[in-house]
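Here is what each chain is made of, one letter per residue.
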There are 2 protein chains.
Amino acid sequence: MELDSRKKAILYAIIENYQETGEPVGSRTISKLEHFKFSPATIRNEMADLEEMGLIVQPHTSAGRIPTDKGYRLYVDKMLEEQKEAKKDIPALPMADLLSKRIDRVEELLVKMAQILASNTNYTTMVTGPHYRKNKLKFLQLSSMTDGKILAVVVLEGNMVKNHILDVGETLDPQELLNLNFLLNNRLNGLSMEEINLGLISSMKEEAGAHSQVVLQILDAVAETFAQEETYPIYTSGAPNIFRYPELTGGDRASELISTLEEKKELGSAIGQLSKGGSQQDIQVFIGDEVPVDSMKDCSVVTATYSLGEGVQGKIGIIGPKRMNYQKVVDTLKDTMNQLDQVFAKPEE
Amino acid sequence: MELDSRKKAILYAIIENYQETGEPVGSRTISKLEHFKFSPATIRNEMADLEEMGLIVQPHTSAGRIPTDKGYRLYVDKMLEEQKEAKKDIPALPMADLLSKRIDRVEELLVKMAQILASNTNYTTMVTGPHYRKNKLKFLQLSSMTDGKILAVVVLEGNMVKNHILDVGETLDPQELLNLNFLLNNRLNGLSMEEINLGLISSMKEEAGAHSQVVLQILDAVAETFAQEETYPIYTSGAPNIFRYPELTGGDRASELISTLEEKKELGSAIGQLSKGGSQQDIQVFIGDEVPVDSMKDCSVVTATYSLGEGVQGKIGIIGPKRMNYQKVVDTLKDTMNQLDQVFAKPEE
DNA sequence: CGTTAGCACTCAATTGCTGCGAGTGCTAAC
DNA sequence: GTTAGCACTCGCAGCAATTGAGTGCTAACG
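Rules used throughout
- Residues numbered from 1 in each chain as written.
- Chains lettered and ligands numbered in written order.
- Predicted model: local features only at pLDDT ≥ 70, side-chain atom pairs only at ≥ 80, totals over all residues.
- Heavy atoms only, no water.
- Least-squares fit on C-alpha atoms with pLDDT ≥ 70 in both.
- Contact = heavy atoms within 4.5 Å.
- Salt bridge = Lys/Arg side-chain N within 4 Å of Asp/Glu carboxyl O.
- Helix = DSSP H or I, 4+ residues; strand = E, 2+ residues; numbered from the N terminus.
- Buried < 20%, exposed > 50% of the residue type's maximum accessible area, 1.4 Å probe, protein only.
- Near = heavy atom within 4 Å.
- Polar contact = N/O pair within 3.5 Å; in protein donor to acceptor, adjacent residues only side chain to side chain.
- Nonpolar A, V, L, I, M, F, W, Y, C, P; charged D, E, K, R; others polar.
- Patch = residues over 30% accessible without salt bridge, like charges linked within 9 Å, V, L, I, M, F, W, Y side chains within 5 Å.
- Areas by Shrake-Rupley, 256 points an atom, 1.4 Å probe, with all protein chains shown as cover.
- Lys, Arg positive; Asp, Glu negative; His and termini not counted.
- Charge placed at Lys NZ, Arg CZ, Asp CG, Glu CD.
- Buried area = accessible area lost by both parts, 1.4 Å probe.
- Phe/Tyr/Trp six-rings, centres within 6.5 Å; stacked < 30°, edge-to-face > 60°.
- Lys NZ or Arg CZ within 6 Å of the ring centre and 35° of its normal.
- Axes fitted to C-alpha atoms, helices over the stretch in contact; angles between N-to-C directions.
- Parallel < 35°, antiparallel > 145°, perpendicular 65-115°, else oblique.
- Pairing = 2+ DSSP bridges.

The next point concerns the relation of the copies chain B and chain A. Mapping chain B onto chain A is achieved by rotating through 180 degrees and translating by 0.1 Å along the same axis, at an RMSD of 0.1 Å. In symmetry terms, the pair is related by a two-fold rotation axis. Interface overlap between copies: 97% of the residues of chain B at the interface are likewise at the interface in chain A, consistent with a symmetric, same-surface contact.

A separate point is the pattern of salt bridges. Residues and elements named next belong to chain A. Inspection of the entire model under this criterion finds 24 salt bridges over all chains. With its nearest N and O atoms 2.6 Å apart, the salt bridge here joins R6 to E46. Here R6 is found in helix α1 (residues 5–21), whereas its partner E46 is found in helix α3 (residues 40–52), with 40 residues between them in sequence. With relative accessibility at 30%, the residue R6 sits in the partly exposed group.

It is worth spelling out the protein's contact with DNA strand C at this point. The immediate surroundings of DNA strand C are formed by 20 residues, with A:S27, A:M47, B:T42, B:T61 and B:S62 found nearest. Sugar plus phosphate: this is where 76% of the atoms of DNA strand C within 4 Å of the protein reside. Within the side chain of B:R44, an N or O atom sits 3.4 Å from a base oxygen of DNA strand C. Looking at the surface near DNA strand C, the elements that each hand over two or more residues are α3 of chain A together with α3 (40–52) of chain B. The leading source of residues in the surface near DNA strand C is α3(B), at four residues. Among the residues forming the surface near DNA strand C, the class breakdown is four nonpolar, 11 polar and five charged.

This part covers the protein's contact with DNA strand D. Neighbouring DNA strand D are 20 residues; A:T42, A:T61, A:S62, B:S27 and B:M47 lie closest to it. Counted by atom, the contact set of DNA strand D within 4 Å of the protein is 74% sugar and phosphate. Here A:R6 contributes a side-chain N or O atom positioned 2.9 Å from a phosphate oxygen of DNA strand D. B:S27 places a side-chain nitrogen or oxygen 2.7 Å from a phosphate oxygen of DNA strand D. When residues of the surface near DNA strand D are traced back to their parent elements, those giving at least two are α3 of chain A together with α3 of chain B. Here the surface near DNA strand D takes four residues from α3(A), the largest share from any one element. Its residues assigned to classes, the surface near DNA strand D shows four nonpolar, 11 polar and five charged.

Turning to a negative patch on the surface, a few remarks are in order. The grouping of A:E107, A:E108, B:E107 and B:E108 at the surface amounts to a negative patch. Positionally, B:E108 belongs in helix α6 (residues 106–121). For B:E108, a relative accessible area of 35% gives the class partly exposed.

Further remarks concern the interface of chain B and chain A. Chain B puts 36 residues into the contact, and the matching count from chain A is 36 residues. Summing the contributions of chain B and of chain A, the shared interface buries around 3100 Å²; its carbon and sulfur component is 53%. Joining chain B to chain A, the criterion identifies six residue pairs in polar contact (both at pLDDT 80 or more). Breaking the side of chain B that touches chain A down by element, the ones donating at least two residues are α6, β5 (137–144), β6 (149–156), β7 (160–167), α9 (212–230) and α11 (253–263) of chain B.

Another point: the packing of aromatic side chains. Tallied over the full model, the rule gives six aromatic pairs over all chains. It is A:R6 that lies over the ring of A:F38; its NZ or CZ is 4.6 Å from the centre.

Glancing now at the packing of α1(A) against α3(A). Residue and element names in this part refer to chain A. It is at 10 Å that the axes of α1 and α3 come closest, and there the two elements cross at 90 degrees. Put simply, α1 runs roughly perpendicular to α3. Along the contact surface, α1 presents R6, K7, I10, L11 and I14, while α3 presents T42, I43, E46, M47, D49 and L50. Across the contact of α1 with α3, the residue classes break down as six nonpolar, one polar and four charged.

Here we take up unusual backbone geometry. Positioned with a positive phi, A:N122 is a non-glycine residue whose angle comes to about 65 degrees. By the element assignment, A:N122 lies in the loop between α6 (106–121) and β3 (124–128).

What follows is about the sheet that holds strand β6 (residues 149–156) of chain A. Working definition: the strands of a sheet are paired by backbone hydrogen bonds and lie parallel or antiparallel to each other. Residue and element names in this part refer to chain A. What the three strands build is an open sheet, ordered β5-β6-β7; its pairing is antiparallel. With one partner strand each, in any of the chains shown, β5 (137–144) and β7 (160–167) form the two edges of the open sheet. Neighbour-to-neighbour, the strand axes of the sheet open up by a mean angle of 20 degrees, direction not taken into account. Across seven bridges, β5 lies against β6 in antiparallel orientation. By the bridge assignment, L140 is partnered in β6 with V154. Packed onto the sheet, helix α7 (residues 174–188) meets β5 and β6 and runs at close to 170 degrees relative to β5.

Written as C-alpha cells, this is what we have:
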C-alpha cells in the first residue's frame, strides 16, 4: 500500500485534531477542515487504508479514529526531520532570569528548570542530577568544629561540593589540622576515584602518624562524595499535570503513575536505557510502548541531554500523554538546551 | 442528653469498624460484635441518640452510620487522655538504623524519616525542614578555586552548612585569602543576622581595603544562608498513599490533594498555623474542618514537633483520611520523637 | 422499664431495556 | 476518482423495575 501525500495529510490532520480534543476524530470533522475539499466518504476510504496500514485505529466500531503508536512515530519522525532545516522560533521561556542569577547549587537550578518546563508545557518533567564522568578531586578543606568534630568539605571537578561532619573523637589543634589539610591536598588533588589506591592510602596513613584514623575517615568521606555522584538524584515536577489528561487517569492508572514518579528509582534505571541509541541527536522521543517503564506505556516521553560544561551532564525528560504536543515539547527542550549551552559554554572556557 | 458508657462503647465500635471497612456501619454489624449482647433494635435506639447528639450521621436514609468530626474528636481526645497514663508499646520502627548512621546532612535524615513513616503508616507524610531560631554564625571558610572564583562555606550553629561559589573577578593569592578569612571570622563568628549591622560592615570594608567588594559578596552569601533557614523547605513522602482511600480520591479530589502536596507552599503557611495552640503537648490532631488547608478538609492531620537539639526544630505531619488509625499514628509519632530525642539529646550535651 | 421481635418504609445501587446519535462500510451513481 | 445515500454498529444517556441493607416505630415480653 502506498502512503501518498493525501493520506499523510489526513493522518496528520487526525493526529493534530486528536491532540486538541482528546476524542476520536471522524471523517466529517476532517472534511470540514480548511485544507480539505473532499467529502466525508472520500476521507473514509482513505482512513480505511490508513487503518489497514496500522497507522490509526477505532476504539470501537462506531467511533472515529485515533492514531496508533506507529502513526505517531511517523508524524514525529517527519517533524524531527523538518526541524533540522527550518528552525521555528517559539517564545523563549523565562529561563534567562534563572540562568543569569548566581547559581550556588546545581540542584537548585535543575529543580527550578523542571518547574518552569512543567508549568510551561503542562506535562510532567523529570530531571536527573548531573552525572560526573570520571570525576576528579579538586581539593578538600578541613575545619575544626566543636568537641572532636571536624568539617570536611570535598570539592570535585565541576564544582560539585559536599560537606561531611566527621566525629574524629580526638581534638586536633589548628596546626595539626593544617598539616593534615596540606598532606591530603598534596597527595589527592586531581586524582579520580580509581587513582586513589591502597598504596597511596597506606603511605598517607604512615605520614599522618597518630592521626591515621582521621585520614581514613576523610577518605571515607571522599569516597562517599564520589559514590553519591554515581547514584545521581532525580527531580520531578508537575506530576499533578497528568490529571489534565483523562486517558491517563482512568481507573487506577493515575495512582500507578504518581507512584512511579514518587519512587523515582525505576525512573533512574529507565533513564539509563533511554540514552542507548541517541548519541548523534540529543533529543529523543519515546511513544507508548517504546517507553521502558511499564506504568508509562500509555505515555510518551521526550528526553534531552543537558550539559553544564566540564563533562557534567544529565538527562531531562518530559512525560505526557501519547497525544502530547510533540512540536511544542521538542522546540521547548531545544530552546532550553541552547540557553543552557550559551550560559555554561562561555564562562567555562 | 446523657452520654453514658454504653453509648460511648457503641460510638467507639462504630468508629473502629468504619476505620477498617470505610463503609457506613449498621446496627446489625455492631450487635454481632463480641462485646455486645444487645439486639440490633436496642443498638438502633442508642444510635438514634448518638445522631441527635451530632456524633454520627447517615450519609443517606437507608445506610449505616459514620462518625462526624465531633464524634472523632471525642474518640481522639479520650485516646490522647489514656495515652498519658498507660503507654502502649508498639513495635519500634527501623528508625534506629537510620539514626545510628552518621548523618551528614539533616535534610537526608528528614527525607528518610518521612519515607519510613509514610510506608509504615500507609498515609502521607510531610516534614518541614528544621527551623533555626535566632541562629548564629559558627564560622566561615574561604578557599580559592579556579579563575577568580572562591568557595565560601558558611556554617551556622546547629551545623547547618551551606556552600557558595563566588565570582570575585580578581585572583586572590593564598595569603590575602587567609587574611580575609581571619578578618571575617574574627569579626563575625557567634553573631546572629541582626547583629551584623551596617557599622560592622563598613568597618570591615575599611579593613579589607582593596578587597572590600569581596567582603560584600561574602556577606551576601552569609545573608542568603540565614535567609534560607527562614524559608525552610518541606519534604513530602507517600503521596500516592491517598489512593488507598476512595473517599479522598472520588471526583477531582485526588488531583487537588496531590497538587497541594507538590506545591508545598500552602502547606508551609498552614504548618505555621498548626503550631498555634499546642505548646503544652507536642502531638496535635486536626480532624476534617479543623485542618487549615482547604483541599484537606476531608482529611485529618496529626502533627508533632521534632527537635534535633540546639534549638533546631521543625514539624512533622501525617496526612490521612478522617478515618485514619489515630491510635497507631499517634503512637508511631511519639515513638519516633522519643528515638530522635534519645539520639540527639545525649551527644549534644 | 429496658429490651426485643416484627414490620413497613426509604433509598442507593444494580440491572435491563430503549432510543439517540455519531460514525462507519458498502454500493451505486456521477 | 469522487460522492450521495443508506443500512448497520455500538457506546451512551435515560428510565423503570428490582434488590437489599438499614432504619424508625410499635407492640409485646420479662
